[in-house]
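# Breakdown of the fold
Here is what each chain is made of, one letter per residue.
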Amino acid sequence: MKALSRSYLWIIFALLYAPILLLVVFSFNEGGSLSSFTGFSFRWYGEFFRDQVALQALKNSLFLALASSLLATAIGTFAALGLDRMRNRYVKGAVNSVTNIPMMNPDIVTGVSMMLLFVAVAGVFGLSDILGKWTMLIAHTTFSLPYVILSVLPRFKQFDKTLREAALDLGCTPAQSFFKVELPAIVPGVFSGLVMAFTLSLDDFVISHFVSSPDFQTLPLYIYNQTAHEVKYSMYALCTLIIVTILALLLIVNFAGSIGDRRNRRREASK
Amino acid sequence: MNNKLIELRSISKSFDGEQILCAIDLDIHDKEFVTLLGPSGCGKTTTLRIIGGFETPDMGDVLFDGVRINDIPPHKRQVNTVFQKYALFPHLNVYDNVAFGLRLQKVPEDEIRERVREMLVMTGLKGFEARKPTTLSGGQQQRVAIARALINRPRVLLLDEPLGALDLKLRKDMQNELKRIQKATGITFVYVTHDQEEALSMSDTVVVMADGKIQQIGTPTDIYNEPVNAFVADFIGESNILDGVMLSDKKARFAGQVFDCLDGGFAENEPVDIVIRPEDVDVVAPEKGMLVGDVSSVTFKGDYYEIIVDIKGFKWMIETSDYVAPAARIGLYIEPDAIHVMKKSEYSGKFGDYSTFSEEMEHLSDPTIGTEEEDDAE
């Protein structure tokens, strides 16, 4: 029984990580085969970085992830601020639920409805070919927004309201009290919202599939198009790079807080 | 002491239809230590928040140095506040917390350093500059909160139950400390508490509040010796409060007897409340007593005995240094100056009878015990 319970953890880890591990290992495989590992090489990485279309897709993805996460974080933080300041409990609850619905909405529904909206708007203004970079940006900002609100709002709720009064009491204008006292308290929430929005944008496929055009491809779209014909081994290399990036981001988010604390402690000790 | 710094003119305030303050009038003089004293929910914190600018009165005016300041926001008022739970900024260290107000005023960094140092010395916090508030004890946080408020050299310092979260020993030390700081700086202190002992030992003026009204304003001695009604008599210290009739000046009848007293100015045969403090009653042999009763309980309190005596159904509390056996028959002797006569009020008959008294009840009604919180501001 004890042995079973101890091995349970490892079984779960194996189930979760075996496919990823396999992919990482075979991205370094010299020969183009999944059945035998013929030798370690960066061959497929080299091939990927020579693929101009893939690199353009990578650039598009990074631009989109960065722009949409920054936009979503700015809008989401102010939305959370507004939600927190709402007096009427019923309106507050209602608005809160409305912002949460997009998270539970299936991506395919969101994707299709956004495409419909964009095409309809284009029709009204007599534009053709509206889909592309900017519709992607709008879509990605929109679907990240609730996640940012979700991560910032609790910080506002936890914020001790008497701190605001103390700041006013010491001579802050309401705006100064927000930036000097309240913002530092919610920054961790803002930061984790930003990272979440970034990763969501980076790996979104379903919504992007509907609101994009062939001239603006992101990595997930590019990979999908590649695998439709035959699986290129350079795709393994690309996926490994993505995994490493996401892993690095996760580590940063998890350790940023504790590193900040340690730095403070060291600064105190040195004084 | 004579110039009025803050004047409250018939201030009324209600929250969600519940009247918290009813037409409060109060003058606070320059350099005065004023305490607003009352039970939880009496409106004392709301009064303080109105002075601080965190609440606006529904009716009435707040005057500061003769100028109406109802609509002046908190950050433009010459008052600073020490909050009940300190409200230190957690992301700033002690130095930056204390320097916060001066930095907003754009005081040169050199002067800030000097004034923060001075303030930390005065509050006994030298050497704590780089510590974060969360690493400090309650007493130290309290000192930071006081330093942070005082460094701005306000005309008035508002203190909202600042010692409520400290243990008894620390509270006593901080009481002396606050009194010393107030004397040294000459700043007007407005202090809110529900602890009558704290109020009596620190204040120049005590304002007793109940049910959104001011019951009495006076020096601690006045409040203790000359309470205006049964509420004040009961809230400040222990009191036996009896129904009585004023026969004529200096003659009162209560407990079935006529006593000489020192009060006068009442109508003939006017019904009154009689207050007799437990420590002002002398225990004598039954044949020498003005009143005779049976001891129903004796509690040893360290430096005195607290005894409950049943006299014709009314239970008296008496504090005496001589041991009295339970169930003994004793006489009580009351000097004329121990009898205080009050006019009848809405609080008559509600307080001052120890017939339901027990240690347990004492515990329940003692505001300093337990975690009861001032919530009338909500």
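Residues numbered from 1 in each chain as written. Chains lettered and ligands numbered in written order. Predicted model: local features only at pLDDT ≥ 70, side-chain atom pairs only at ≥ 80, totals over all residues.

### Description of the overall build of chain A
- In terms of regular secondary structure, chain A is built from eleven helices and zero strands.
- Overall, chain A shows an N-to-C arrangement of helices and strands of α-α-α-α-α-α-α-α-α-α-α.
- At 23 Å, chain A has a C-alpha radius of gyration far larger than the 18 Å of a compact globule built from 271 residues.
- With the C-alpha coordinates aligned to their principal axes, the bounding extent of chain A is approximately 70 × 65 × 45 Å.
- For chain A, buried positions account for 28% of its 271 residues. (Helix = DSSP H or I, 4+ residues; strand = E, 2+ residues; numbered from the N terminus. Rg over C-alpha atoms; globule rule 2.2 N^0.38 Å. Buried ≥ 20, exposed ≤ 12 C-beta atoms within 10 Å, placed from the backbone.)

### Structural notes on the overall build of chain B
- Looking only at helices and strands, chain B features nine helices and 20 strands.
- For chain B, buried positions account for 41% of its 378 residues.

### A short note on the environment of I187 of chain B
All names here are of chain B.
- The residue I187 is located in the loop between α5 (168-185) and β8 (188-193) in this model.
- In sequence terms I187 and A165 are 22 residues apart; their C-alpha atoms lie 24 Å from each other.
- If we skip the residues at most four places from it in the chain, I187 touches P154, V156, L157 and Q182. (Contact = placed C-beta atoms within 7 Å.)

### Structural notes on the sheet that holds strand β1 (residues 4-15) of chain B
- The four strands lie next to each other as β2-β1-β4-β5 (chain B), forming an open sheet whose pairing is antiparallel. Each edge of the open sheet carries a strand with a single partner, namely β2 (18-29) and β5 (67-68) of chain B. (Pairing = 2+ DSSP bridges.)

### Quick look at the interface of chain A and chain B
- The interface of chain A with chain B comprises 17 residues on the first partner and 19 residues on the second.
- Considering every element that reaches the side of chain A that touches chain B, the biggest residue donor is helix α7 (residues 161-169) of chain A, with six residues.
- Here the side of chain A that touches chain B is built from residues that sort into eight nonpolar, four polar and five charged. (Nonpolar A, V, L, I, M, F, W, Y, C, P; charged D, E, K, R; others polar.)

### Section: the nonpolar core
- Residues V98, A147, L157, V190, V207 and I274 of chain B are the most contacted members of the largest nonpolar core, which totals 106 residues.
- Residue assignment places this core across two domains, with domain 1 (4-225) and domain 2 (240-365) of chain B each supplying three or more.
- Leaving out residues up to four positions away in the same chain, V98 of chain B has contacts with V116, M119, L120, V144, A147, R148 and I151 of chain B.
- Residues A72, M114, M136 and I207 of chain A belong to the second largest nonpolar core, which totals 25 residues. (Core = buried A, V, L, I, M, F, W, Y, C linked by C-beta atoms within 7 Å. Domains from an automatic or database assignment.)

### Remarks on the confidence of the model for chain A
- In the predicted model, chain A carries a mean pLDDT of 85, and 94% of its residues have values of at least 70.
- Taken element by element, chain A is modelled with least confidence in helix α11 (residues 233-270) of chain A, mean pLDDT 71, and with most confidence in helix α3 (residues 52-85) of chain A, mean pLDDT 92. (pLDDT = per-residue confidence, 0-100.)

### Some thoughts on the sheet that holds strand β7 (residues 156-160) of chain B
Residue and element names in this part refer to chain B.
- Reading across from one edge, β6-β7-β8-β3-β9-β10 is the order of the six strands in this open sheet, with mixed pairing throughout. Here the strands that pair on one side only, and so sit at the sheet edges, are β6 (79-82) and β10 (213-218). Neighbour-to-neighbour, the strand axes of this sheet turn through a mean angle of 20 degrees, independent of strand direction.
- Note: strand β3 (residues 33-37) against β8, five bridges, orientation parallel. Its bridge partner being in β8, F33 is matched across the sheet by F189.
- Along the sheet face, helix α4 (residues 138-150) touches β6 and β7 and points at about 175 degrees away from the line of β6. (Axes fitted to C-alpha atoms, helices over the stretch in contact; angles between N-to-C directions.)

### Here we look at the packing of helix α6 (residues 133-158) of chain A against helix α8 (residues 174-203) of chain A
Residue and element names in this part refer to chain A.
- Following both chains from N to C, one finds α6 and α8 inclined at 155 degrees, their axes separated by 8 Å at the closest point. Considered as vectors, α6 and α8 are oriented roughly antiparallel to each other. Read as a crossing pair, α6 and α8 show a hand that is right-handed. Side by side, α6 and α8 meet where H140, F143, S144, Y147, V148, S151, V152, P154, R155 and F156 of the first sit next to A185, I186, P188, G189, V190, S192, G193, M196, A197, L200 and S201 of the second.
- Along the lines of polarity and charge, the residues of the contact of α6 with α8 split into 13 nonpolar, seven polar and one charged. (Parallel < 35°, antiparallel > 145°, perpendicular 65-115°, else oblique. Left-handed = near helix turned anticlockwise from the far one by under 90°.)

### Quick look at the pairing of strand β16 (residues 291-300) of chain B
Residue and element names in this part refer to chain B.
- In this structure, β16 lies alongside strand β19 (residues 329-334), joined through four bridges in antiparallel fashion. Looking across to β19, one finds that G293 is bridged to I330.
- Inspection of the sheet shows β16 paired to strand β17 (residues 305-311) by six bridges, in the antiparallel sense. Along β17, the bridge assignment pairs D294 with D310.
- Adjacent in sequence and paired antiparallel, β16 and β17 are bridged by four residues, among which G302 carries a positive phi angle near 100 degrees.

### Points about the domain arrangement of chain B
- What the domain assignment lists for chain B is domain 1 (4-225) and domain 2 (240-365).
- In this structure, domain 1 of chain B and domain 2 of chain B have C-alpha centres spaced 38 Å apart.

### Regarding the environment of Q176 of chain A
- Relative to the elements of secondary structure, Q176 of chain A occurs in helix α8.
- Taking C-alpha positions, Q176 of chain A is 9.9 Å from R164 of chain A, a pair spaced twelve residues apart along the chain.

### Notes on the confidence of the model for chain B
Residues and elements named next belong to chain B.
- Taken over all residues, the pLDDT of chain B has a mean of 86, while the share at 70 or more is 93%.
- A low-confidence stretch, residues 359-378 (pLDDT under 50), is modelled with 21 contacts involving residues beyond four sequence positions or located in other chains.
- Here the predicted complex scores 0.75 on pTM and 0.77 on ipTM.

### Some words on the pairing of strand β9 (residues 205-210) of chain B
Residue and element names in this part refer to chain B.
- Counting buried residues along β9, six of its six residues qualify, which places the element largely inside the surrounding structure.
- On β9, burial covers both faces: T205, V207 and M209 on one face and V206, V208 and A210 on the other are all buried.
- Here β3 runs beside β9; their pairing, made up of four bridges, is parallel. Within the sheet, the bridge partner assigned to T35 lies in β9 and is V206.
- The pairing of β9 with β10 spans five bridges and is antiparallel. Bridging across to β10, V208 finds its partner in Q216.
- Once β9 ends, the chain turns through two residues before running back antiparallel as β10, passing D211 with a positive phi of about 55 degrees.

### Side note on unusual backbone geometry
All names here are of chain B.
- In the Ramachandran plot, K31 falls in the positive-phi region, its phi being about 65 degrees despite a non-glycine side chain.
- By the secondary structure assignment, K31 is in the loop between β2 and β3.
- The backbone phi angle of D211 is positive, close to 55 degrees, even though this residue is not glycine.

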